[in-house]
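Each chain, written out:
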Amino acid sequence: MKAAVYYENGSPDVLKYEDVPDPQCHPKGIVIRVEAVSIEGGDTLNRFRGPLMTNPHVVGYQAAGEVVEVGAEVTTLKVGDRVCTTAAFGSHAELRAVPAITAWKIPNGLSTRKAAVIPVTFGTADDCLFEFGRMKAGDVVLVQAGASGVGVAAIQLAAKAGAKMVLATASSDERLERLKPYGLTHGINYRTHDVVQEVMRLTDKKGCDVIVDSVGGPTLQSSILSLAYRGRVSMVGQAGREPMTVDVGSMMGGNRTLSGVFLGAEIATPRVQKNIASLIDRVANGDLDVLIDREFPLSEAAEAHRYIESRQAVGRVLLIP
């Protein structure tokens, strides 16, 4: 099969389009013919500095397509089913093997391209808001990196859950404008405004009840300083690729909470399995939507990664084998 691979960490230029052996089907797994790859923030971070689990390494969490092989112990899926899948790596390829437990059937009427984006992206956003952020109707929510895939999902989920205000940050006014149809109340351009000052201005100095932070680095401290009394930050990534610098003392006076969130740690649990299936159904019935910014051929994976890192995208970028 063809795949986008690399032999060492680095910039998008390390990605090569090459022939590699087809993946083997585990007795408890499936193999799919990939129709769409959703490039996750973790994919670009892993390419940059993550461990190479194989050599050459095929990076990537999420992909969707048609089941072409089923393991001997799998009873829930069959050849010909359309599924969206997640695994630790292997999405950037024409074929991928995954455990059957991390594959979800795609409902009739839902495109494979949109389905490819849902499990990690929407599952992560949902956990950040509700499982760890304990969001409830009437809360004020801030989504750092609102134009990211998780950001777009979190904005929608918070708005649908009755947030009083949904704030989000992004690198340009144009990107923020594109988020308004998804439930954004106020956008903050972090290049031209101080985020903490803007949050306090927009909330009459009360701050935010729940903050979703996928950026980390210095941004995490600004999230903590943007919290209301008893506010909660769900920290879910290091997209900024800078060291974490947090003044824990700044959390005490306001009884604030900082939680680390990693969906992968609970992906096989009944709670997360049921939650992702529900989110897929919500997209299928139109209650939620998937924003796809651009599509690239799999052979242009390097260019797709480069585009994502330019911070131009709003929503997810797909690779199409």
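Preceding this paragraph is the structure being described.
Report on the accompanying structure.

**Regarding the nonpolar core**
Counting residues in hydrophobic clusters, the biggest one holds 50 residues, and the most contacted among them are Ile118, Leu129, Val141 and Ile155. Those elements that place two or more of their residues in this core are helix H2 (112-131), strand S8 (140-143), helix H3 (149-160), strand S9 (165-170), strand S11 (208-213), helix H8 (270-284) and strand S15 (316-320). With eight residues, the single largest contributor to this core is H2. Leave out the neighbours within four places in its chain, and Ile118 touches Gln62, Leu110, Gly123, Leu279, Ile280, Val283 and Val290. Among the nonpolar cores identified, the runner-up in size contains 28 residues, and Val74, Leu298, Ala302 and Val317 belong to it.

**What to know about the side chain of Thr169**
Mapped onto the fold, Thr169 is located in strand S9. Thr169 gets classed as buried once you look at its relative accessible area, which sits at 2%. Here Gln144 takes part through its side chain, which lies 3.0 Å from a polar atom of the side chain of Thr169. Reaching out from Thr169, the side chain makes a polar contact with the backbone nitrogen of Ala145 at a distance of 2.9 Å.

**A short note on the packing of helix H1 (residues 41-49) against helix H9 (residues 301-309)**
With their axes 11 Å apart at the nearest point, H1 and H9 run at an angle of 105 degrees to one another. By the angle between their directions, the pair H1 and H9 is classed as roughly perpendicular. Of the residues in H9, those in contact with Asp43, Thr44 and Arg47 of H1 are His305, Ile308 and Glu309. A class-by-class count of the residues in the contact of H1 with H9 yields one nonpolar, two polar and three charged.

**So, the packing of aromatic side chains**
Within this structure, the stated rule accounts for one aromatic pair. Relative to Tyr307, the ring of Phe296 lies with its centre 5.9 Å away and its plane at 50 degrees, an arrangement referred to as tilted. Taken together, the positions of Phe296 in strand S14 (residues 292-297) and Tyr307 in helix H9 put the pair 11 residues apart, joining distant regions of the chain. Overall, the relative accessible area of 3% leaves Phe296 in the buried class. The ring of Tyr307 carries the charged tip of Arg294 above its face, separated from the ring centre by 4.7 Å.

Analysis parameters
Residues numbered from 1 in each chain as written. Predicted model: local features only at pLDDT ≥ 70, side-chain atom pairs only at ≥ 80, totals over all residues. Heavy atoms only, no water. Core = buried A, V, L, I, M, F, W, Y, C linked by side-chain atoms within 4.5 Å. Buried < 20%, exposed > 50% of the residue type's maximum accessible area, 1.4 Å probe, protein only. Helix = DSSP H or I, 4+ residues; strand = E, 2+ residues; numbered from the N terminus. Contact = heavy atoms within 4.5 Å. Polar contact = N/O pair within 3.5 Å; in protein donor to acceptor, adjacent residues only side chain to side chain. Axes fitted to C-alpha atoms, helices over the stretch in contact; angles between N-to-C directions. Parallel < 35°, antiparallel > 145°, perpendicular 65-115°, else oblique. Nonpolar A, V, L, I, M, F, W, Y, C, P; charged D, E, K, R; others polar. Phe/Tyr/Trp six-rings, centres within 6.5 Å; stacked < 30°, edge-to-face > 60°. Lys NZ or Arg CZ within 6 Å of the ring centre and 35° of its normal.

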